[in-house]
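Results of the structural survey
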Amino acid sequence: MQLILSTAGSYPRIGDAPDLQRHRRAYAQRERGEISAGEFTKVEDEVVAGVIREQIEAGMEIVTDGLVRWYDPYSHFCRGLEGASINGLLRLFDTNLYFRQPVVKGPIRRKASVILPEYEFARSVSPRPVKPVLTGPYTLARGSILEGGYRSTHELALAYALVLAGEVRELSRAGAQLIQIDEPAIVRHPEDLNVLEAALAVVGRERGAARLLLHISFGDVAPLYRDLQALPVDALGLDFTYSPKLPALIADLGSVKPLALGLIDARNTKLETKESVFPVLDAVLPALKTGPTYLMPSCGLEFLPRARARLKLETLKRLRDDYLGGRS
Amino acid sequence: MNGQKLKRLGVELPLLPTSTVGSFPKTPELAEARTKYARKQITRAQLEALEKKATEFWIHAQEEIGLDVLVDGEQYRGDMVAYFAELMGGFQTGGLVRSYGNRYYHKPVIVGEVKWPGPMTVEWWRWTQSLTRKPVKGMLTGPYTVMDWSFNDYYRDRKSACLALAREIRKEVEALIEAGAKIIQIDEPAISVRQEELPFAIEALHVTVDDLPAYFITHACYGAFETIYPDMLELPVDNLDLAISNSALDLLTIFEKDPFTKDLSLGVLDVHSHRIETPAEIKARVMRGVRVLPPERVWVDPDCGLKTRTVQESQSKLEAMLTAVRELRTELA
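Report on the accompanying structure.

Along the backbone of chain A there are 11 helices and 10 strands. A compact globule built from 328 residues would reach a C-alpha radius of gyration of about 20 Å, and chain A, at 19 Å, matches this within 12%. By principal-axis analysis of the C-alpha atoms, chain A measures approximately 55 × 50 × 35 Å. Burial statistics for chain A: of 328 residues in total, 48% are counted as buried. Partitioning the intrachain contacts of chain A with sequence separation of at least 6 by distance along the chain shows that 75% fall at a separation of at least 24.

Below, the structure is given as structure tokens:
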């Protein structure tokens, strides 16, 4: 049985120790005009390299760049789009993280690659595979203020899908094997599954040899689980922390797609134990018809202090090894 | 209708009572002193003297503006959850987590049984009330929000943590009432974030306030109210304070369908905007409320704490609000 360890996206960019506050200091210096954009990028590069190193030391087999360069999951994609601007702060789902809301006033068009250069840098400093992460078209559309150019969230989602398809095409050509698409907004709007499906089909057409992992967090995914199996993606990433019924549901229905199991709570500091994780693995793993299976935190780790984020990953590694060891 | 309850408590208020949500900006002198204190350049006593001076400033400012129910302005508090977490037993200061951009904060961690340490806000309330003849609200953060904005290393689950907090926060409510507070606001800005948890958020507030003799207000920032309304009417408080200035007032459309059964504080000033609203705008916002509720059940306030505005902006916004309310009182009388 193969259980591959991976992070789910973001990683804390600073820690409590002074030597881990470099990014915060440089950010403030950049805002005050004391360092150049190039100097700030250099600091970001170093922080990305450190974040990747930390994930690998903790045992991750597929890493991300920690989304260190993202202001937030929305404005990072929309800031450079023709037809969009960035508005005030809004709470990100039920977290204490705030994002800047995109405002769409006219047809949106990508002016430059967003994720490709970030992916290429991360790959250059990582001895392990890097998984690029994109915020999905439906979630971008749901989080945007629509003031023109499109008649509905549905239309806007398809427009974002065209933008993201360009990102996926470039990432696939550059060698990305697994690309994660985050679509947390669908949990709160299951009535829009057809919109999500149409948008993902547009994105998916450009994936080439890469596989698309649809990741859903920040809500109970159980009511959607059956429908998710039919979406045009290659694997599903599921946040288990909101879904007490999910293990039994998967055990009952199985899965025709490989799953990424978000068993480690990335929103709380409490560390998982064998008692909390093994019964879920016992229920779910026999029902999976195809692999590989990934083990992940429930969502990005930047909701935790840095030291605890690392400890969570080390816990994930130890639990995986113990689980497999107990069955060998 | 809870005007009767206020009368029983000995509180007389005019039509469309005006108040604020809790925090006022730190005065420039106090802001500077807090920085110095963090750098250990001044003593705790020096800081506290300036906190009192700033509180006096805000009490006088509220009286001059003409507000009906005053607040202490929270000049001695930083974050609305961390303030209590730093005082209560069972909490530790957590590591840094990002809030947005380059802003980080220390998120508290529940590491043991939470415990009321004795009065946390009562002396401030008592002293502030001694400065004015107008009623001063007791101001607390509710159990659900304290739970949601903390990490939980100790309790089995979120509900257990929330109910434990509710039992301890009740002791602070009792102490405020014992000191003479008649109106107590228990803020629950997190209450709409997880619809499925609303039942235990309501249960927790019952634990905190049931059978206690005060007029209770709960403030909730604008969130997904359409998902928890009308269930949120089960919250055992007399007045729900809702942020509506920035939401095209669509809540009131919802109220037309499912009648609102409590007093309503209409948050009519946008605290996230520098712009000073005109009295005409404010009147229009209040009238949206008065069209679906009798004016006797409507209070008027900003849509959140004013601490992110400047002193001048806060005063100007409140002055515009009072101008609007005075005109409406005449028109509605």
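Here the narrative resumes, following the displayed structure.
The next subject is the pairing of strand S5 (residues 138-141) of chain B. All names here are of chain B. Neither face of S5 is left uncovered, since the one carrying Gly138 and Leu140 and the one carrying Met139 and Thr141 both have all their residues buried. As paired elements, S5 and strand S7 (residues 183-187) share four bridges and run parallel to each other. Looking at the pairing, leucine 140 lines up with isoleucine 186 of S7.

Here we take up the environment of Glu313(B). All names here are of chain B. Looking at where glutamate 313 falls in the secondary structure, it is placed in helix H12 (residues 311-332). The exposure class of glutamate 313 is partly exposed, given the 17 C-beta atoms found within 10 Å. Sequence-distant contacts of glutamate 313, defined by excluding residues within four places in its chain, comprise His274 and Ile276.

In this assembly, 18 residues from chain B lie in contact with 23 residues from chain A. The biggest single contributor to the side of chain B that touches chain A is strand S2 (residues 96-100) of chain B, with five residues. Grouping the amino acids of the side of chain B that touches chain A by side-chain chemistry returns eight nonpolar, seven polar and three charged.

On to the sheet that holds strand S10 (residues 263-269) of chain B, then. All names here are of chain B. Strand order in the open sheet formed by six strands is S5-S7-S8-S9-S10-S11, with parallel pairing between adjacent strands. In the strand order of this sheet, the two ends are held by S5 and strand S11 (298-302), each with one partner. The mean inter-strand angle of the sheet, taken between neighbouring strand axes irrespective of direction, is 25 degrees. Note that strand S8 (residues 215-220) and strand S9 (residues 239-243) share four bridges and pair parallel.

As a further point, take helix H7 (residues 193-204) of chain A. All names here are of chain A. With 12 residues, H7 ought to run about 16 Å at 1.5 Å a step, and its terminal C-alpha atoms sit 16 Å apart, in line with that. Taken together, the buried positions of H7 are Val195, Leu196, Ala199, Leu200, Val202, Val203 and Gly204. Buried residues along H7 sit in contact with helix H5 (137-142), helix H6 (153-173), strand S6 (178-182) and strand S7 (211-216).

Further remarks concern unusual backbone geometry. What is expected of a backbone is that most residues other than glycine have negative phi and most peptide bonds are trans. At the junction of Gly291(A) and Pro292(A), the peptide bond is cis and its omega measures out at 0 degrees in the coordinates. Secondary-structure assignment places Pro292(A) in the loop between helix H10 (274-284) and strand S10 (293-297). Put simply, Tyr229(B) and Pro230(B) share a cis peptide bond, and its omega is 10 degrees. Mapped onto the elements, Pro230(B) comes out in the loop between helix H9 (225-228) and S9. In this structure, Leu16(B) takes a positive phi of about 50 degrees despite not being glycine. Along the polypeptide, Leu16(B) turns up in the loop between helix H1 (3-8) and helix H2 (28-38). A count of 22 C-beta atoms within 10 Å places Leu16(B) in the buried class. Not every positive phi belongs to a glycine, and Asp211(B) is a case in point at roughly 65 degrees. Along the chain, the position of Asp211(B) falls in the loop between helix H8 (198-209) and S8. With 6 C-beta atoms counted inside 10 Å, the residue Asp211(B) sits in the exposed group.

Scoring rules and cut-offs
- Residues numbered from 1 in each chain as written.
- Chains lettered and ligands numbered in written order.
- Predicted model: local features only at pLDDT ≥ 70, side-chain atom pairs only at ≥ 80, totals over all residues.
- Helix = DSSP H or I, 4+ residues; strand = E, 2+ residues; numbered from the N terminus.
- Rg over C-alpha atoms; globule rule 2.2 N^0.38 Å.
- Buried ≥ 20, exposed ≤ 12 C-beta atoms within 10 Å, placed from the backbone.
- Contact = placed C-beta atoms within 7 Å.
- Pairing = 2+ DSSP bridges.
- Nonpolar A, V, L, I, M, F, W, Y, C, P; charged D, E, K, R; others polar.
- Axes fitted to C-alpha atoms, helices over the stretch in contact; angles between N-to-C directions.
- Expected span 1.5 Å × (residues − 1).

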